[in-house]
Amino acid sequence: MQIKLKSQKANKIKCIIILVLSLLSVKITRASVISYAKKADGVVFKLDKGLMEIKVCKADIIEVKYTIFNTFPEKHSLTVNNLWKEKAPFRVSEQHGGDVIIVTAKLIITINKATNAITYTDLKGNIINAETSENKTMNAATIAGIGTYNCTTAFNSPADEALFGLGCHPEDTLSINYKGRNQSMLIKYMTGAIPVMLSTKGYGLLWDNYSASNFYGAEANNTQYKYVSESGKMIDYYFFYGPGFDRIIDLYRTATGKAPMYPKWAFGLFQSQDRYKTQAEILGVKDHYRNNHIPVDAVVQDWYWWSPLPIGSHIMNKERYPDPKALIDELHKANMHAMISIWPVFGSGTNDFDALKSKGFLTSITWDNFVTHTFDTYYDAHNPKARDLYWAQARDSLIKRYGWDAWWVDQCEPDNGSLLDERRKADFSVGKGIDFFNSYALEHAKGLYKGWRNDIAGKRAFFLVRQAFAGSQRAAVTLWSSDVTTTFRALKSQVPQGINACVSGMPYWTSDIGGYISHTSPEGIPDWKDPQQRELFIRWFQFGTFCPIFRIHGKGERALFSDNWDDKTKAILLKYDKLRYRLLPYNYSLAAKVTRENYTIMRALSFDFRNDKNVYNIPDQYMFGPAFLVNPVTQQLYTGKSGSSEMKTRKVYLPEGARWYNFWTGEPLNGGQTIDAEAPIDMMPLYVRAGSIVPMGPNIEYATENPGDAIELRIYPGANAEFKFYEDENDNYNYEKGKSSTVTIKWNDKLRLLKLSDRTGTFSGMVTKRKFNIVLVKPGHGADGGVTGNADKSVSYQGKAITVKLK
């Protein structure tokens, strides 16, 4: 009996072993490469079950597709708009051990035939990135009653790797590095998703899937990460090799589209509030700014300007706005511009609703956020004909009839509250909502930009959007971080979210300065006369000064002239407002660099200091252009229980490999150290990298005022420097026809020589003769935001090269 039991036990163990080996064998067989064939642009692999294709888009851009089916599904990418007409050369070979090797001018791509895992190395064989052995999987799933496949890609992650990007998640943790943490990638109210990630190992990834997804950054004890999309018939991702972050973003926008230039006024101050309710109120805002000589460029009309008509009527209430065109004409006369909130939602009982419904252009998705209107319905932004009709309706009302200069594109998730399965089950013209869950905002903005470029002559597009996706930058959008709260915690969260949004390929980002809503005050309106709230607004305003777009918004009066501010607060706010305007030559030149060179203005420290591992986990410092190290104060130091003299500093890490100047004092400091930076209420710690040239304009009240005034060129010595000073016609698309000018300014630190090149290009209204006041920064000289009274040299520049010797 005992022998029989042992025999049964042995047989049972044997069966289990056979079963496990069988399962492992099936897994390996499914993953193995049977054969492969070279094409003009890549290699197609026939697998035991399914197909894989590696496409060489460029020497440093690789597309990988994988499916368990016998043919690849038809797909028109919504994110990648490059057709790759120019074929990149590559060669294919097979190693004796069985690996398939693809070699480009920049990369070696190795495919393991047993597992189909892909390893990317540089030409010297150094590993850049590698899929895991469990690399690409598709598993059947039923979600919201819909049969589909989860699509997963998995990669190895070395211990010293840092990961950035993945869009803007306003209520996320205060971290910045995604190594070791997870992130939901599902666009809904108060959270976004841009499926782009950059690694300090020198690569970037774009997952070209539009369904709700998840990033898992802590797999296998933090040695792996994976990206899981809930729905798809194919895995499709792009690999970009830098190794620098600027190069990766350049490649990403080469694939997904360049960001066009904004009008110059868009880099000034936006004054917004929830909400101005009458035409007279808006004109009063205009008068208070101009009469008090406070710099500003735009006033914003928030929602419910249509009330009591249903949403989507696109008609302003006549009692409250008796003559909207005259309103905007008055703003224009004061050199101010006007932006209005517009939604992709339509209430029943309007001509626009009926026109869309009659053509089948409405979806089953209804607005269900703050209120529920059964017939407040989203149009189908995935349908090109529906986009054209939406644009025509809004254009005729808001531009042809009234003349608004820019649009605030709100509620473009679409936001239907907690009814997310209804979004999954919705029918778009291109398919089920589950497969296009994250792409609504992308397609909505596509229609707006197309219409604007076709129909609005002589005026650049500017769209402020609540959600964006990969590729949105080509539609002239600025991503805004939504309805964040009026708290220091919310401010602290904005900094890494803005940085990661820009790492994700979005060049323009902004937040509601001061926060949108208070959850502890009546009607959500904060008490701005409370010293703690004033401190919050000051710190947020300082941060906003060094964001790509500079914008006040939220509940309660918070304009710079408001009686809610005491004299001290007003003086601090005006100081930073004036600094923003003095930096317009710097900022506008960087905007041109964004369009021309795919540059990033708001820069994670890894853009410039990728090899300094000390910067990987700093969530609240960033570079603003090539010169400024920005260090927002995101905790309360001066009011409330925490206020004490020893707390009036913040820790600042000065990255190694550079010397730094305190912007406010001109004091030089060595890099590679952490300091206690002074942070009195009127000072945000701000440092400038040695080897920087910063052009600063005069004190002005709007962006295009006094274009011929002198430019102060601040030189921060200690290393060589170069800056391209750019100008154009400010608010049309003639720059696309070459109507612009550039002066390349170079500093030779050893010889103490500043060279201004010949001017290249010309445009209508160009200043042909300009004075440059050259300031060599040192302690107490060329410091703070004011105009330097005693320049080291002044030169009259008339378009021909000049060399200036400085002591």
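In what follows, the structure referred to is the one given above.
Residues numbered from 1 in each chain as written. Predicted model: local features only at pLDDT ≥ 70, side-chain atom pairs only at ≥ 80, totals over all residues. Heavy atoms only, no water.

With respect to the overall build of the protein
Next up, step 1: For the protein, the count of helices and strands is 13 helices and 46 strands.
Next up, step 2: A compact globule built from 807 residues should have a C-alpha radius of gyration of about 28 Å, and the protein, at 28 Å, falls within 12% of that.
Next up, step 3: Dimensions of the protein, computed from the C-alpha atoms along their principal axes, are close to 100 × 70 × 60 Å.
Next up, step 4: Considering only residue pairs separated by 6 or more positions, the protein has 70% of its internal contacts joining residues 24 or more positions apart.
Next up, step 5: As presented, the protein carries roughly 30600 Å² of accessible surface, and 50% of it is formed by carbon and sulfur atoms.
Next up, step 6: In the protein, 100 side chains carry a positive charge and 83 a negative one; their mean positions are 6 Å apart. (Helix = DSSP H or I, 4+ residues; strand = E, 2+ residues; numbered from the N terminus. Rg over C-alpha atoms; globule rule 2.2 N^0.38 Å. Contact = heavy atoms within 4.5 Å. Areas by Shrake-Rupley, 256 points an atom, 1.4 Å probe, with all protein chains shown as cover. Lys, Arg positive; Asp, Glu negative; His and termini not counted. Charge placed at Lys NZ, Arg CZ, Asp CG, Glu CD.)

A few points about the layout of surface pockets
Over the atoms a probe the size of a water molecule is rolled, and this reveals where empty space is left.
Next up, step 1: The space that makes up the largest pocket amounts to roughly 630 Å³.
Next up, step 2: Every residue lining the largest pocket is counted, 28 residues in all, and those nearest its centre are Glu 74, Lys 75, Tyr 210, Asp 435 and Phe 436.
Next up, step 3: Taken together, the elements giving at least two residues each to the lining of the largest pocket come down to strand S10 (146-156), helix H6 (384-402), strand S26 (431-432) and helix H8 (440-455).
Next up, step 4: If you tally residues by element for the lining of the largest pocket, the top one is S10, at four residues.
Next up, step 5: Of the residues assigned to the lining of the largest pocket, the class counts are ten nonpolar, nine polar and nine charged. (1 Å grid on protein atoms, 1.4 Å probe; cavity = no way out; pocket = protein on both sides within 12 Å on 5 of 7 lines; lining within 4 Å. Points joined across faces, edges and corners; volume = space filled by probe spheres on them. Nonpolar A, V, L, I, M, F, W, Y, C, P; charged D, E, K, R; others polar.)

Let's talk about the packing of aromatic side chains
Next up, step 1: Summed over the entire model, instances satisfying the criterion amount to 61 aromatic pairs.
Next up, step 2: With 6.3 Å between their ring centres and 70 degrees between their planes, Phe 164 and Phe 245 make a pair best called edge-to-face. Here Phe 164, found in strand S11 (residues 163-165), pairs with Phe 245, found in helix H2 (residues 245-256); they are 81 residues apart in sequence, far enough to count as distant.
Next up, step 3: Assessed through its relative accessible area of 2%, Phe 164 is described here as buried.
Next up, step 4: Measuring from ring centre to ring centre gives 6.0 Å for Tyr 733 and Tyr 735, while their planes differ by 40 degrees; the resulting arrangement is tilted. We note that Tyr 733, like Tyr 735, is buried. (Phe/Tyr/Trp six-rings, centres within 6.5 Å; stacked < 30°, edge-to-face > 60°. Buried < 20%, exposed > 50% of the residue type's maximum accessible area, 1.4 Å probe, protein only.)

Overview of the environment of Leu 491
Next up, step 1: Within the element layout of this structure, Leu 491 appears in helix H9 (residues 488-503).
Next up, step 2: Taking the C-alpha atoms as reference, Leu 491 lies 33 Å from Lys 778; in sequence the two are 287 residues apart.
Next up, step 3: Residues contacting Leu 491, with those up to four places away along its chain left out, are Leu 536, Arg 539, Trp 540, Phe 543, Val 633 and Thr 634.

Digging into the sheet that holds strand S36 (residues 668-670)
Next up, step 1: Across the sheet, which stays open at both edges, the six strands sit in the order S31-S32-S33-S38-S35-S36 with antiparallel pairing between neighbours. Of all the strands in the sheet, just strand S31 (602-603) and S36 have a single pairing partner and so form its edges.
Next up, step 2: Pairing of strand S35 (residues 659-662) with S36, which is carried by three bridges, proceeds in the antiparallel orientation. Residue pairing in the sheet places Arg 659 in a bridge with Asn 670 of S36. (Pairing = 2+ DSSP bridges.)

Any link to function would need more than the numbers given here.
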